[in-house]
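Residues per chain are reported as follows:
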Amino acid sequence: MESSADQATAPATSASTSASTRATRAPARLPGLDGIRGVAALFVVLHHCWLLSFPGFPADTGPAWAGWLVYGHLAVVMFIVLSGFSLAVSPARSGWRLNGLRRFAYRRAWRILPPYWAALLFSLVVAWTLIPQPGQGSPTVKSVVVYGLLVQDLFGSPSPNGAFWSIAVEAQLYVVFPLMLLVLRRAGAAVLLAVLTVVVALIGLLAPSVPAVDLFMRLTPQFAVLFAIGAVAAGVAAGMTAHGETHENASPWPSRLPWLALAAAAPVVLLIVVRGPEWTVDHYFWVDLAVGPAAGLLLASVAAGRPRLLVRLLDTRALRRLGSFSYSLYLIHAPIVVVVNRMVLAPRLAPGVTMFLATLVLTVPLTLLAAWLFASVFELPFQRHRGWGALRAAVLRR
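Since the model is a prediction, treat every value here as computed from it, not as a measurement.

**A word on the packing of aromatic side chains**
Right, on to step 1. For the coordinates displayed, the defined rule picks out 14 aromatic pairs.
Right, on to step 2. With a centroid separation of 6.1 Å and 45° between ring planes, the pair formed by tryptophan 65 and phenylalanine 356 is classed as tilted. Of this pair, tryptophan 65 sits in the loop between α2 (33-53) and α3 (73-92) while phenylalanine 356 is found in helix α15 (residues 353-378), placing the two residues 291 residues apart along the sequence.
Right, on to step 3. Accessibility expressed as a relative area gives 1% for phenylalanine 356, which makes it buried.
Right, on to step 4. These aromatic residues form a ring-pair network of at least three members: Trp50, Phe54, Trp65 and Phe356.
Right, on to step 5. The positively charged end of arginine 108 is found above the aromatic ring belonging to tyrosine 174, 5.2 Å away from the centroid.

Next comes the structure, spelled out in structure tokens:
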């Protein structure tokens, strides 16, 4: 859910290039990734509008033309793969080295926590003064502590925001990311993916019958594999750039990547269509693992500039702008959607298509505007200024 400001995307260097030379390279934006991030965040907003308008989830009780909105969870899958990709681009071009654990931890906290804590405060105020999240009671003191410390996947408490569950998972993945890089550097991508996949698959197989193993399911362990897939995809993209394979008349690999992504996605899409939403939601653990390779191949393809039409579409000004505040949109949209749907529309409309369309018309523009304003204060300044001193100086200049 980060923006392209987090991507260190300078041209790759050879093994003989010195660390000091690498450090002087200026980062550049990878076209298309902000667009993917923006589309995924908007998909989650539409998914929550759908949920509140058609009761019975995971059953699809809405019209067939809106059935795809049942699967908002898959947008989070894309976020996790994209997060691993974005964080690994720079290390992939530096021999899988992180350039300092303390610096990495500080920059992740600086990037993620200020908007998250501001969104938590906003969500608590809405839940306490207007309406709590559907199916949740009013947040408690325990909710404040648990969600403030990003351990909501470990300790149960009334949720102030239905979208916050994945932020805790992502924060925990940041903790293991340096270990992933160590394995990539010493053993390679195949070993990392094989070990993670085997361990996670064993958890999924044993969880239904072994209570102690089932506790690990609270951590959404399949996301560790997805995160690693994103990191490996960044290595693929970095390798192609290093050998000039994204240029004309070069290796055919960049042009093959979109087809590989499509080939990886087709069986999963067919399975979802055949088995339906209730089966799919009940088996998200395995579906997520199946979607991961397609997502990773898609990101490597877009990073290589293929297919050109898709990259141009994702890199349009509107989608780039949407991607720039997609994290804020993800953080604050749920309370807004709930207030509009439950407090404004529900007293006047019955659940169904009319309520859904009315929810879209009212909440989508409202959430986009609110997220842009929120990001202008709590997210974008922390992207542009990498420390309190720089941020304070910028505020004083204004």
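**Things to note about the pattern of salt bridges**
Right, on to step 1. In total, this model carries two salt bridges according to the counting rule given.
Right, on to step 2. Here arginine 111 ties to glutamate 379 by a salt bridge, and the two come within 3.0 Å at their closest N and O atoms. Residue arginine 111 is located in helix α4 (residues 101-129), and its partner glutamate 379 is located in the loop between α15 and α16 (380-384); the two are separated by 268 residues in the primary sequence. Assigned by exposure class, arginine 111 and glutamate 379 land together as buried.

**So, the side chain of serine 53**
Right, on to step 1. Mapped onto the fold, serine 53 is located in helix α2.
Right, on to step 2. Owing to a relative accessible area of 0%, serine 53 belongs among the buried residues under this scheme.
Right, on to step 3. Setting aside its immediate chain neighbours within four residues, serine 53 contacts Asn341, Pro351, Gly352, Met355, Phe356 and Thr359.

**Side note on unusual backbone geometry**
Right, on to step 1. Backbone torsion omega between phenylalanine 57 and proline 58 reads 15°, so that peptide bond is classified as cis.
Right, on to step 2. Here proline 58 shows up in the loop between α2 and α3.
Right, on to step 3. In this model, arginine 306 is joined to proline 307 through a cis peptide bond whose omega is -15°.
Right, on to step 4. Not every positive phi belongs to a glycine, and leucine 150 is a case in point at roughly 60°.
Right, on to step 5. Residue placement: leucine 150 occurs in the loop between α5 (141-148) and α6 (165-186).
Right, on to step 6. Even without glycine at this site, threonine 220 takes up a positive phi of about 50°.
Right, on to step 7. Turning to its location among the elements, threonine 220 is positioned in the loop between α8 (211-214) and α9 (222-242).

**Overview of the environment of tyrosine 330**
Right, on to step 1. Mapped onto the fold, tyrosine 330 is located in helix α14 (residues 326-345).
Right, on to step 2. Classification of tyrosine 330 by relative accessible area gives buried; the value is 1%.
Right, on to step 3. Looking at tyrosine 330, its side chain comes within polar contact range of the main-chain oxygen of alanine 163, at 3.1 Å.

**Quick look at a nonpolar patch on the surface**
Right, on to step 1. Residues Val198, Leu202, Leu205, Leu206, Val210 and Trp286 make up a contiguous nonpolar surface patch of roughly 530 Å² in combined accessible area.
Right, on to step 2. Of note, leucine 206 is situated in helix α7 (residues 189-206).
Right, on to step 3. On the basis of relative accessibility, which here comes to 40%, the residue leucine 206 falls in the partly exposed class.

**Quick notes on helix α11 (residues 284-303)**
Right, on to step 1. Taking 1.5 Å as the rise per residue, α11 with 20 residues should run 28 Å; its terminal C-alpha atoms sit 27 Å apart, in good agreement.
Right, on to step 2. At glycine 292, α11 shows its largest bend, some 30°, and a proline, proline 293, comes one to four positions later.
Right, on to step 3. A large share of α11 lies buried, amounting to 15 of its 20 residues.
Right, on to step 4. In the stretch just after α11, glycine 305 is the one whose phi turns positive, near 85°.

**A few points about the packing of α14 against α15**
Right, on to step 1. Between α14 and α15, whose axes approach to 8 Å, the crossing angle comes to 140°. What the angle tells us is that α14 and α15 run oblique. When you trace α14 past α15, the crossing you get is right-handed. Contacts from Ser328, Leu329, Ile332, His333, Ile336, Val337, Val340, Asn341 and Leu345 in α14 reach Met355, Ala358, Thr359, Leu362, Thr363, Leu366, Thr367, Leu368, Ala370, Ala371, Phe374 and Ala375 in α15.
Right, on to step 2. Here the residues of the contact of α14 with α15 sort into 15 nonpolar, six polar and no charged.

Rules behind the numbers
Residues numbered from 1 in each chain as written. Predicted model: local features only at pLDDT ≥ 70, side-chain atom pairs only at ≥ 80, totals over all residues. Heavy atoms only, no water. Phe/Tyr/Trp six-rings, centres within 6.5 Å; stacked < 30°, edge-to-face > 60°. Helix = DSSP H or I, 4+ residues; strand = E, 2+ residues; numbered from the N terminus. Buried < 20%, exposed > 50% of the residue type's maximum accessible area, 1.4 Å probe, protein only. Lys NZ or Arg CZ within 6 Å of the ring centre and 35° of its normal. Salt bridge = Lys/Arg side-chain N within 4 Å of Asp/Glu carboxyl O. Contact = heavy atoms within 4.5 Å. Polar contact = N/O pair within 3.5 Å; in protein donor to acceptor, adjacent residues only side chain to side chain. Patch = residues over 30% accessible without salt bridge, like charges linked within 9 Å, V, L, I, M, F, W, Y side chains within 5 Å. Areas by Shrake-Rupley, 256 points an atom, 1.4 Å probe, with all protein chains shown as cover. Expected span 1.5 Å × (residues − 1). Bend = angle between axes of the 7 residues up to and from the residue. Axes fitted to C-alpha atoms, helices over the stretch in contact; angles between N-to-C directions. Parallel < 35°, antiparallel > 145°, perpendicular 65-115°, else oblique. Left-handed = near helix turned anticlockwise from the far one by under 90°. Nonpolar A, V, L, I, M, F, W, Y, C, P; charged D, E, K, R; others polar.

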